[in-house]
Amino acid sequence: MDVTLIAKEAEAAAFEAADKFHKEVNGGSDRYPCGFAWVKVRPANKGNTKAGKDERRLLEKMGLRKDYTGTAYEKRNPSRYMCQNVDTLEAGARAYATVLNTHGINAFAESRLD
């Protein structure tokens, strides 16, 4: 599994989804609720095992970092879309998570209002 290619595929899908949502739903303007979105991955293996350490290295290679709990990994604004609309950013995060899920990585999108 080449995680750099998966990460690039996921980032492209996330940007495309955010851009499409921004243009079609928001009419190209940055309005409505302001907030943040990210993708979260909970590793399948325990961190102190060889499989767990390998899994965490792959997640870090993809650009994910430990979240504040230390039990999951996350990537903030995976679409890298430059707006503040939470719905636009969440559309990108969902697309990113979908790509990871198709490659067997258990991921999901989260968001919060600012």
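All of the points below concern the structure found in this document.

Scoring rules and cut-offs
- For every chain, the first residue of the written sequence is number 1, and numbering continues from 1 along that sequence.
- Local features in this predicted model are restricted to residues whose pLDDT is 70 or higher, and side-chain atom pairs enter the listing and the counts only when it is 80 or higher, whereas totals over whole chains, interfaces and linings include all residues.
- The side-chain quantities take in all heavy atoms of the structure and omit both hydrogens and water.
- Here, axes are lines fitted to C-alpha atoms. For helices the fit covers the stretch in contact, and angles between N-to-C directions go from 0 to 180 degrees.
- Secondary structure elements are taken from DSSP: a helix is a run of H or I of four residues or more, a strand is a run of E of two residues or more, and numbering for both begins at the N terminus.
- In what follows, roughly perpendicular refers to angles from 65 to 115 degrees, roughly parallel to angles under 35, roughly antiparallel to angles over 145, and oblique to any angle outside these ranges.
- Rotating anticlockwise by less than a right angle from the far helix to the near helix defines a left-handed crossing, while the corresponding clockwise rotation defines a right-handed one.
- The criterion used for residue contact is that any of the two residues' heavy atoms lie within 4.5 Å.
- Residues are grouped as follows: Ala, Val, Leu, Ile, Met, Phe, Trp, Tyr, Cys and Pro are nonpolar; Asp, Glu, Lys and Arg are charged; every other residue, Gly included, is polar.
- A helix is expected to reach a length of 1.5 Å times the quantity of its residues less one.
- The buried label applies to any residue whose accessible area, calculated with a 1.4 Å probe on protein chains only, is under 20% of its type's maximum; exposed applies above 50%, and partly exposed to all values in between.
- What counts as a ring pair is set by centres within 6.5 Å for rings of Phe, Tyr and Trp (its six-membered ring), and what kind of pair is set by the plane angle: stacked under 30 degrees, edge-to-face over 60, tilted for all other angles.

The N-to-C vectors of helix α1 (residues 3-24) and helix α3 (residues 86-102) enclose an angle of 150 degrees; their axes lie 7 Å apart at closest approach. By the angle between their axes, α1 is roughly antiparallel relative to α3. For the pair α1 and α3, the crossing hand works out as right-handed. Here Ile6, Ala7, Glu9, Ala10, Glu11, Ala13, Ala14, Ala17, Ala18, Phe21 and His22 of α1 come into contact with α3, specifically with Asp87, Thr88, Ala91, Gly92, Ala95, Tyr96, Val99 and Leu100. In terms of residue class, the contact of α1 with α3 is made up of 13 nonpolar, 3 polar and 3 charged.

All right, on to α1 then. Taking 1.5 Å per residue, 22 residues should reach 32 Å; α1 reaches 31 Å between its end C-alpha atoms and fits that length. Those residues of α1 that fall on the buried side of the exposure criterion are Val3, Ile6, Ala7, Ala10, Glu11, Ala14, Ala18, Asp19 and His22. The secondary structure elements touched by the buried residues of α1 are α2 (50-61), β3 (73-76) and α3.

Let's shift gears to the packing of aromatic side chains. According to the stated counting rule, one finds 1 aromatic pair in the structure shown. Between the aromatic rings of Phe15 and Tyr81, the centroid separation amounts to 5.3 Å while the plane-to-plane angle is 50 degrees, which identifies the pairing as tilted. Of this pair, Phe15 sits in helix α1 while Tyr81 sits in the loop between β3 and α3; the two residues are 66 residues apart in sequence, bridging distant segments of the chain. The exposure class assigned to Tyr81 is buried, which follows from its relative accessible area of 10%.

Quick look at the side chain of Asp67 now. On the secondary structure map, Asp67 appears in the loop between β2 (65-66) and β3. Take Asp67: its relative accessible area is 6%, and that puts it in the buried class. Contacts of Asp67, omitting those with residues within four sequence positions, involve Lys40, Ala72, Tyr73 and Glu74.

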